[in-house]
Amino acid sequence: MGMAGMMGSMRSFMQDASVVKQKVRPGTAKRMVRFAVPYAGLLALFLFVVILDASIGIVNPLIYRAIINNGILKGNATLIIRLAVLAGILGLFGSALGLAQAYLSATVGARVVLALRTKLFDHIQQMPLAFFTRVQTGALVSRLNTDVGGAQSAFTDILSNVVGNSVTLVLILGAMFVLSWQMTLAALILVPLFILPARFWGRKLQEIMRESFNLMAAMNSLMVERFNVAGAHVAKLFGRPQDESKEFRAKAARVSAIGVKTTIYGRLFGTALMLMVIFATAFAYGWGGVLAVQHRLDVGTVVAFVSYLGRLYVTLMGLSNIQVSLMTALVSFERVFEVLDLPPMIQDHPQAIAIPSGPAQISFDRVAFRYPSASEVSLASLESIAVPDKTPEQTVLSDITFVAEPGQLVALVGPSGAGKTTITHLVARLYDVQNGSVSINGIDVRQAKLDSLHQRVGTVMQDAHLFHDTIRANLLYAKPEATDVELTEALRAAQILPLIVSLPKGLDTLVGDRGYRFSGGEKQRLAIARLLLKAPEIVILDEATAHLDSESEAAIHEAFEIALRGRTSIVIAHRLSTILKADQILVVNEGRIVERGTHAELLERRGLYAELYRRQFADAG
Ligand SMILES: Nc1ncnc2c1ncn2[C@@H]1O[C@H](COP(=O)(O)OP(=O)(O)OP(=O)(O)O)[C@@H](O)[C@H]1O
Ligand SMILES: [Mg+2]
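Here's a quick rundown of the structure. (Residues numbered from 1 in each chain as written. Chains lettered and ligands numbered in written order. Predicted model: local features only at pLDDT ≥ 70, side-chain atom pairs only at ≥ 80, totals over all residues.)

1. Notes on the overall build of the chain
Counting its secondary structure elements, the chain contains 22 helices and 10 strands. Against the globule reference of 25 Å for 621 residues, the chain gives a C-alpha radius of gyration of 35 Å, more extended than a compact globule. Across its three principal axes, the chain shows a C-alpha extent of roughly 120 × 65 × 50 Å. Across the 621 residues in the chain, those meeting the buried criterion constitute 33%. Long-range pairs, those at least 24 residues apart, make up 82% of the contacts in the chain with a sequence separation of at least 6. (Helix = DSSP H or I, 4+ residues; strand = E, 2+ residues; numbered from the N terminus. Rg over C-alpha atoms; globule rule 2.2 N^0.38 Å. Buried ≥ 20, exposed ≤ 12 C-beta atoms within 10 Å, placed from the backbone. Contact = placed C-beta atoms within 7 Å.)

This is the structure:
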């Protein structure tokens, strides 16, 4: 005990006491313990070290007692030296054991968290797309990090603070009672006098810490908002630098003011603690000294007692917040369990079958669909970080029926918000339909193995996403075993090779924020290269609406051509050339297929298609 003990009790006082009022689902404690079971061996070792360490701590004052009673008072110098050396050696041992204790508790905490983190990652990865559209990813990640971190420090805290202090407390009290039960009782009666002020300061400190976190967060979010690329862009064009500076200065000033307050209160807490130990020592010397003069207690015992007393108070203080420590652990674990308990809505059917490779036919049979509501994605428990739910979800698609034969190109056209993108989501089973069915080669996608389905279906979205990594890594994501020759081939087919080879680092160029910024069209061509490596039988393509310059337009056109060749494809078409090539055009409006046929047939009908065509392509065609 000593420095570490002080710090430990101070830390436990700084935990948010309001957790004690929270209700935790029954069984959480059991589940939490289950995470520690694999480390039973380490925990046993930890307990052993704790007991050994505490025992050494108990022995030390007894040695001093012997030095005074049997050495100093009896004039035995040899004994004094021997005992002093023994005390030194034991001190050395004690320190080593203290280190071992810290190592073991930190290790168990860290391993538990490792298990928890990986489990969470794996679980969240299985969540359907709907989950990610509902949850603000940043908030989810930071909440999980906080909770997992909380779980870790709570675990370590419980081990080192609660377990360590409990063992120490029992041993100290035992030793004190043996030395002088009257003085021990007196010391215990005084305990509340010491604990209550500590609690008071602890609570004050908590408030200040919380306020300081909030102020810091406000200041940081202002910086992040203004200094990220998009924010800086807006600020440059519309911002008023002087006002911004003023706002920032105000926030920063509050942060620095609270910094001083935190330091002072922290210091006050420490001082109060020290003062109490000093008072207790004075009291024990006072009373014990009188008893010694009256020959009712020997001098050595008084000294030993005083030394126990200091430890007793520090230990008790560490334990007085035990409830908060335990609840913090439980609450953190519960919040992690909540996420682990969300069932992934889209999972492999128990009897799922793999879709065999080879030519693929896609058929939609009277499909009706609406997007799942927040509660259906089981996000009630994550409400605070989910996008607040509005009205119940409306039907987005009804009675969609069509067949894309192997190798055919089906073009979807229609006004914005008609449901075109939604139709393409259903092919790869990003969502499940409410009615009817979507099947590939006659296999309902709900009966298909998800990985085989994802293997067969390749998608290029309007704003293709590339990970912040090298171009090579982004391409290998589609086919980890691809050789450089294959990568180059794919890039060439996607009409993007000349650009890549012109980059100084070629395939090893970083993509994204701190790497090379590709234009929208270039990104889409990289996405096509990625798709070509994957070589799926089915291609879904969302053509960009953005106006591209004619050169890259030609390149993209060529790349699309190659990507679609020989594959069954569904294309959300914005280009006349694509539409003209389509085997079948489906005109989607308000979630229904309102017209279908080839370009010539549809123009003839003079319906919605003819109108859309006139508006979009009249000047182009
Ligand atoms: N994740 C979602 N959750 C709830 N509703 C959605 C979601 N995505 C789209 N919608 C709604 O579904 C309807 C169809 O959207 P969809 O994206 O399929 O339209 P679209 O035809 O692709 O339009 P655009 O041409 O503008 O891309 C819209 O009313 C839209 O608001
Ligand atoms: Mg769309």
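Back to the text.
2. Overview of the site of ligand 1
Neighbouring ligand 1 are Thr133, Tyr371, Val396, Gly414, Ser416, Gly417, Ala418, Gly419, Lys420, Thr421 and Thr422. When residues of the shell around ligand 1 are assigned to their parent elements, the largest contribution, three residues, is made by helix α13 (residues 420-427). Of the residues that constitute the shell around ligand 1, the class distribution is three nonpolar, seven polar and one charged. (Near = placed C-beta within 6 Å. Nonpolar A, V, L, I, M, F, W, Y, C, P; charged D, E, K, R; others polar.)

3. What about the packing of helix α8 (residues 191-227) against helix α11 (residues 299-320)?
At a closest axis distance of 10 Å, the pairing of α8 and α11 adopts a crossing angle of 50°. Between α8 and α11, the angle falls in the class oblique. Between α8 and α11 lies a crossing of right-handed hand. On the side of α8, the interface is formed by Val191, Phe194, Ile195, Ala198 and Arg199, while α11 contributes Tyr313, Leu316, Met317 and Ser320. Considering only residue class, the contact of α8 with α11 consists of seven nonpolar, one polar and one charged. (Axes fitted to C-alpha atoms, helices over the stretch in contact; angles between N-to-C directions. Parallel < 35°, antiparallel > 145°, perpendicular 65-115°, else oblique. Left-handed = near helix turned anticlockwise from the far one by under 90°.)

4. A closer look at helix α10 (residues 241-293)
The end-to-end C-alpha distance of α10, which contains 53 residues, comes to 77 Å, matching closely the 78 Å that a straight helix rising 1.5 Å per residue would cover. Within α10 the residues assigned to the buried category are Phe269, Leu273, Met276, Ala280, Ala284 and Gly288. Phi turns positive, to about 60°, at His295, one or two residues after α10. (Expected span 1.5 Å × (residues − 1).)

5. Section: the sheet that holds strand β7 (residues 538-542)
Spatially, β6-β7-β8-β3-β9-β10 is the arrangement adopted by the six strands of the open sheet, whose pairing is mixed. Each edge of the open sheet carries a strand with a single partner, namely β6 (457-460) and β10 (592-597). On average, each strand axis in the sheet is tilted by 20° relative to the strand beside it, whichever way the strands run. Here β7 runs beside strand β8 (residues 568-572); their pairing, made up of five bridges, is parallel. (Pairing = 2+ DSSP bridges.)

This is a description of form; function is not addressed.
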